[in-house]
Amino acid sequence: MTVLTKGNVKTCEQLVEEFAKTPMNPEKIIFTGVGENDVYNISAPFEDEGELVIAGRVESRDSEHSNVHFFVEREGQWMPREGAPVLELQDPFFTKIAGELVLGGVQIFPHPINKGALGWRTVFYKGANIASLKEFAKGPDGMKDLRLIELKDGSIGVLTRPQGEKGGRGKIGWTRIASLDELTIDVVEQAPLLEGQFIDEQWGGANEPHLLANGLVGVLGHIASFDEEGNRHYYPMVFALNPETGDISDIELIATRSHFLPGPAKRPDLIDVVFSGGLVRKADGTADMYAGISDAEAQKITIIDPFLQYEG
């Protein structure tokens, strides 16, 4: 298995300065059938019942209350699949575990202490297909970016992202469980943090883990910061993780907002936001990355497959 080496923690600014690759073919993904609402923070396409489906966050420009719809492509545009469930969630993601589809997203609710504020948690569903999805687990209150990956031995890797006393503004944790039955709030909260990935003033999270050919886990995620004016800057990134030892590689950016097409933003402080949705690896050594842009739309770009370097 490839040996992973970890250097010093790097800031967003350092990573942007070092970034030299050139993503290709930026393309807006056109969604219809949702009125004036935006569709963003999408998943990569995945197969369900013999056709490709994208799960997308559907939301009014002036609201944080969203639904997840399942879209299918018709004549170059993506429209809601007839008869598919609509889930009251944000930021959908998917994986396959033990032959089943596992789908998750962020559920918001009135904050129990701060009047007028919202709380959030990650919620998981599973089923043979989209039509049969049933809720089976919740993450801790206040945790987004909780992700699962089936490993080579059939066990399940769990990527967490605590905030507050343990994680500050948001750091990634890692643990393993034998089956989905062991996915409990206690297990998630006790997952050790991966050290040296983020400085305390910045934050990040996992968006989509991939099982690599040699058994390593390639993590597609994001790293983010505030500038002096309070604007947010989100960058899509990758790193690799050895599930046996917990060793990790350095974070590496794979694109910036400037590599995508110009477009609207939900608010002025979200202009420089790219939220990694999913990665489709291709046989020619490239990969298509699907992303939410500026909390207002969805795009994809083609990049050199960032996980090939870890497969040795």
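My aim in this report is to walk through the structure given alongside it, one point at a time.

Rules and cut-offs
Residues numbered from 1 in each chain as written. Predicted model: local features only at pLDDT ≥ 70, side-chain atom pairs only at ≥ 80, totals over all residues. Heavy atoms only, no water. Buried < 20%, exposed > 50% of the residue type's maximum accessible area, 1.4 Å probe, protein only. Helix = DSSP H or I, 4+ residues; strand = E, 2+ residues; numbered from the N terminus. Pairing = 2+ DSSP bridges. Phe/Tyr/Trp six-rings, centres within 6.5 Å; stacked < 30°, edge-to-face > 60°. Lys NZ or Arg CZ within 6 Å of the ring centre and 35° of its normal. Axes fitted to C-alpha atoms, helices over the stretch in contact; angles between N-to-C directions.

**Here's the deal with the pairing of strand β12 (residues 156-160)**
Piece 1. With respect to burial, β12 is a largely interior element, five of its five residues being buried.
Piece 2. Here β12 shows a buried face lined by Ile 156, Val 158 and Thr 160 and a second buried face lined by Gly 157 and Leu 159.
Piece 3. Bridge analysis of strand β11 (residues 147-150) against β12 gives four bridges, and the strand direction is antiparallel. Looking at β12, one finds that Glu 150 is bridged to Ile 156.
Piece 4. Linking β11 back to β12 in an antiparallel pair, the connection comprises five residues, with Gly 154 at a positive phi of about 90 degrees.
Piece 5. Relative to strand β13 (residues 173-177), β12 is paired through five bridges, and the arrangement is antiparallel. Bridge pairing in β13 places Thr 160 opposite Gly 173.

**Considering the packing of aromatic side chains**
Piece 1. Tallied over the entire structure, the rule returns seven aromatic pairs.
Piece 2. When the ring centre of Trp 120 is taken as reference, the NZ or CZ atom of Lys 144 above it lies at 4.8 Å.

**Notes on the sheet that holds strand β7 (residues 90-97)**
Piece 1. In spatial order, the strands read β7-β8-β9-β10; together these four strands make up an open sheet with antiparallel pairing. Edge positions in the open sheet fall to β7 and β10 (134-138), since each of these has one partner strand only. The average angle at which neighbouring strand axes cross in this sheet is 30 degrees, direction not considered.
Piece 2. As defined by bridge partners, strand β9 (residues 118-127) adjoins β10 across four bridges and the pair is classed as antiparallel.

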